[in-house]
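# Residue-level structure breakdown
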Amino acid sequence: GGGVIGCGIAWELAKRGVLATVVERGAVGGEASRASAGIISCRAHRIDLGRRSLDAYPGWVAEVEERTGIGVEYRRPGEWSIATDAEHAVVEERRAAFQRSLGYAVEAVDPDEARRREPALPEALVAAWFAPGVGSLSVHRLTRALAAAATDLG
């Protein structure tokens, strides 16, 4: 398919001299990749893959941007995890503790401090955690860049 995954695979194959054909029923990047929020995160159920992805993304993005001249708006603003009730807070604290045990920076933040740092957080906030290394990008732009990079290599 012609989304971010298909175009990324095509580019990686092309870098290795393997010819690939990307088939898409509509515009490249026009389906699920167009709707993606573009969060580059590390959730607990994908922790190993997430860690490798977080570590690889800056260099990988720089490489595709340099090759194509297409900026993908990659940045690392961090990510909030919040709870608005005690039961959800227990779940989120377990997840944060697990991530910290693997070496990720995840800080517990007092609800008042969290709302000061991020005013859009709800008043009903009972607990908050912040992971500073989480990134985001424009998936649509990344898909276009990957398609261009793969095409450039044949």
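### Considering the sheet that holds strand 2 (residues 79-83)
Strand order in the open sheet made by the 3 strands is 2-4-3, with antiparallel pairing throughout. Only two strands of the sheet have a single partner each, and these edge strands are strand 2 and strand 3 (107-109). On average, adjacent strands in this sheet sit at an angle of 25 degrees to one another, irrespective of strand direction.

### Observations regarding unusual backbone geometry
Phi at Glu-73 takes a positive value of approximately 60 degrees, unusual for a residue other than glycine. In this fold, Glu-73 is placed in the loop between helix 3 (47-68) and strand 2. A relative accessible area of 51% places Glu-73 in the exposed class.

### Focus on the environment of Asp-152
On the secondary structure map, Asp-152 appears in helix 6 (residues 139-152). Residue classification places Asp-152 among the exposed positions, given a relative accessible area of 52%. Between the alpha carbons of Asp-152 and Arg-67 there is a distance of 8.9 Å; along the sequence they are 85 residues apart. A polar side-chain atom of Asp-152 sits 2.6 Å from a polar atom in the side chain of Arg-67.

### Things to note about the pattern of salt bridges
All chains considered together, the criterion is met by 11 salt bridges. Close ionic contact of Glu-73 with Arg-141 constitutes a salt bridge, the shortest N to O distance being 3.7 Å. Of this pair, Glu-73 sits in the loop between helix 3 and strand 2 while Arg-141 sits in helix 6, and the two are 68 residues apart along the sequence. Three or more residues joined by partner-sharing salt bridges are found here, namely Glu-12, Lys-15, Arg-16 and Glu-63.

### Looking at the confidence of the model for the protein
Looking at the protein, pLDDT values average 89 and 95% of them are 70 or higher. Mean pLDDT across the elements of the protein ranges from a minimum in strand 1 (residues 39-40), with 75, to a maximum in strand 3, with 97.

### Focus: the packing of aromatic side chains
Inspection of every chain in the model, using the stated rule, returns 4 aromatic pairs. Lying over the aromatic face of Trp-11, Lys-15 brings its terminal NZ or CZ to 4.0 Å of the ring centre. Above the face of the Phe-130 ring, Arg-117 is positioned so that its terminal group lies 5.3 Å from the ring centre.

### Some thoughts on the packing of helix 1 (residues 4-15) against helix 6
At their nearest, the axes of helix 1 and helix 6 sit 8 Å apart, and the two run at 30 degrees to each other. Looking at the two axes, helix 1 sits roughly parallel to helix 6. Relative to helix 6, the crossing made by helix 1 is left-handed. Counted together, Val-4, Cys-7, Gly-8, Ala-10, Trp-11 and Ala-14 of helix 1 and Val-139, Leu-142, Thr-143, Leu-146, Ala-147, Ala-149 and Ala-150 of helix 6 form the full contact between these two elements.

The rules behind the values
- Residues numbered from 1 in each chain as written.
- Predicted model: local features only at pLDDT ≥ 70, side-chain atom pairs only at ≥ 80, totals over all residues.
- Heavy atoms only, no water.
- Pairing = 2+ DSSP bridges.
- Helix = DSSP H or I, 4+ residues; strand = E, 2+ residues; numbered from the N terminus.
- Axes fitted to C-alpha atoms, helices over the stretch in contact; angles between N-to-C directions.
- Buried < 20%, exposed > 50% of the residue type's maximum accessible area, 1.4 Å probe, protein only.
- Polar contact = N/O pair within 3.5 Å; in protein donor to acceptor, adjacent residues only side chain to side chain.
- Salt bridge = Lys/Arg side-chain N within 4 Å of Asp/Glu carboxyl O.
- pLDDT = per-residue confidence, 0-100.
- Phe/Tyr/Trp six-rings, centres within 6.5 Å; stacked < 30°, edge-to-face > 60°.
- Lys NZ or Arg CZ within 6 Å of the ring centre and 35° of its normal.
- Parallel < 35°, antiparallel > 145°, perpendicular 65-115°, else oblique.
- Left-handed = near helix turned anticlockwise from the far one by under 90°.
- Contact = heavy atoms within 4.5 Å.

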